[in-house]
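Each chain is listed here by its residues.
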Amino acid sequence: DYLEHLLGDNADKHFKELQALREAHTKVEVAHGKQAKDLDALKTLHAHHASMVERIDYLEMLLGDSADRHAQELATLKAAHAKHAETLDKHAREHNGAQMHHASMAERLNYVEKLLGDSADQHAQELQALRAVHERHASDLADVKKASASLHASMPDRIAYLEKRMGDSADK
């Protein structure tokens, strides 16, 4: 009996352990099936996405194209800037050369005033002198009128004198 008891207990114990192992194995199989489905879903999703290498290659191509285009535009702008700077320097030299041959505005104005005698003081003096000469002429003219009135007979007197002299000679 003892042996049977030992063996029976062991058989029950082994049976229980075997049953627990089967249940654990079933759980693992179910979990593995679920994980296999999840893995298949991830593989399907991953198939629609580019690989990391492909994505990095694409980004490098975009950045490379952009960098190349920007470098080319920058070189074009630098060339245009250099051309404008050269033209500006040329115009500055021409302007400075032309400016050396031209008198300043004050010098030009002084020259014109000197040439034309165009100064306000000179005009005022000339105007004053003309007024004085005009007053003298007006005074002289008035004196001549007075003198001529006393020296010459009036027009009616002269005609009467002429008629009288002609009449006397016509009568004779």
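This structure is a prediction, so every number in the text was calculated from the model and none was measured.

**What to know about the overall build of the protein**
Here is step 1: The helix and strand tally for the protein stands at five helices and zero strands.
Here is step 2: Helices (α) and strands (β) of the protein occur, in sequence order from the N terminus, as α-α-α-α-α.
Here is step 3: On C-alpha atoms alone, the protein measures out to a radius of gyration of 66 Å, which is more than a quarter above the 16 Å that the 2.2 N^0.38 rule sets for 172 residues.
Here is step 4: Its C-alpha atoms give the protein principal-axis dimensions of about 220 × 40 × 35 Å.
Here is step 5: Here the protein has roughly 16500 Å² of accessible surface; of this, 61% comes from carbon and sulfur atoms.

**What to know about the confidence of the model for the protein**
Here is step 1: Here the protein averages 83 in pLDDT, and 91% of its residues register 70 or above.
Here is step 2: Highest mean pLDDT in the protein belongs to helix H4 (residues 120–151) (87); lowest belongs to helix H5 (residues 155–171) (79).

**Points about the environment of Leu42**
Here is step 1: Looking at where Leu42 falls in the secondary structure, it is placed in helix H1 (residues 2–48).
Here is step 2: Owing to a relative accessible area of 54%, Leu42 belongs among the exposed residues under this scheme.
Here is step 3: Considering only alpha carbons, one finds Leu42 and Val144, 102 residues apart in sequence, at a separation of 135 Å.

**Considerations on the environment of Val30**
Here is step 1: Secondary-structure assignment places Val30 in helix H1.
Here is step 2: The class of Val30 is exposed, set by a relative accessible area of 57%.
Here is step 3: Sequence separation of Val30 and Leu141 is 111 residues, and the distance between their C-alpha atoms is 146 Å.

**What about H4?**
Here is step 1: Between the first and last C-alpha of H4 there are 46 Å, a value that for 32 residues agrees with the 46 Å anticipated at 1.5 Å per step.
Here is step 2: The buried count for H4 comes to zero of 32 residues, which makes it a mostly uncovered element.

Cut-offs applied
- Residues numbered from 1 in each chain as written.
- Predicted model: local features only at pLDDT ≥ 70, side-chain atom pairs only at ≥ 80, totals over all residues.
- Heavy atoms only, no water.
- Helix = DSSP H or I, 4+ residues; strand = E, 2+ residues; numbered from the N terminus.
- Rg over C-alpha atoms; globule rule 2.2 N^0.38 Å.
- Areas by Shrake-Rupley, 256 points an atom, 1.4 Å probe, with all protein chains shown as cover.
- pLDDT = per-residue confidence, 0-100.
- Buried < 20%, exposed > 50% of the residue type's maximum accessible area, 1.4 Å probe, protein only.
- Expected span 1.5 Å × (residues − 1).

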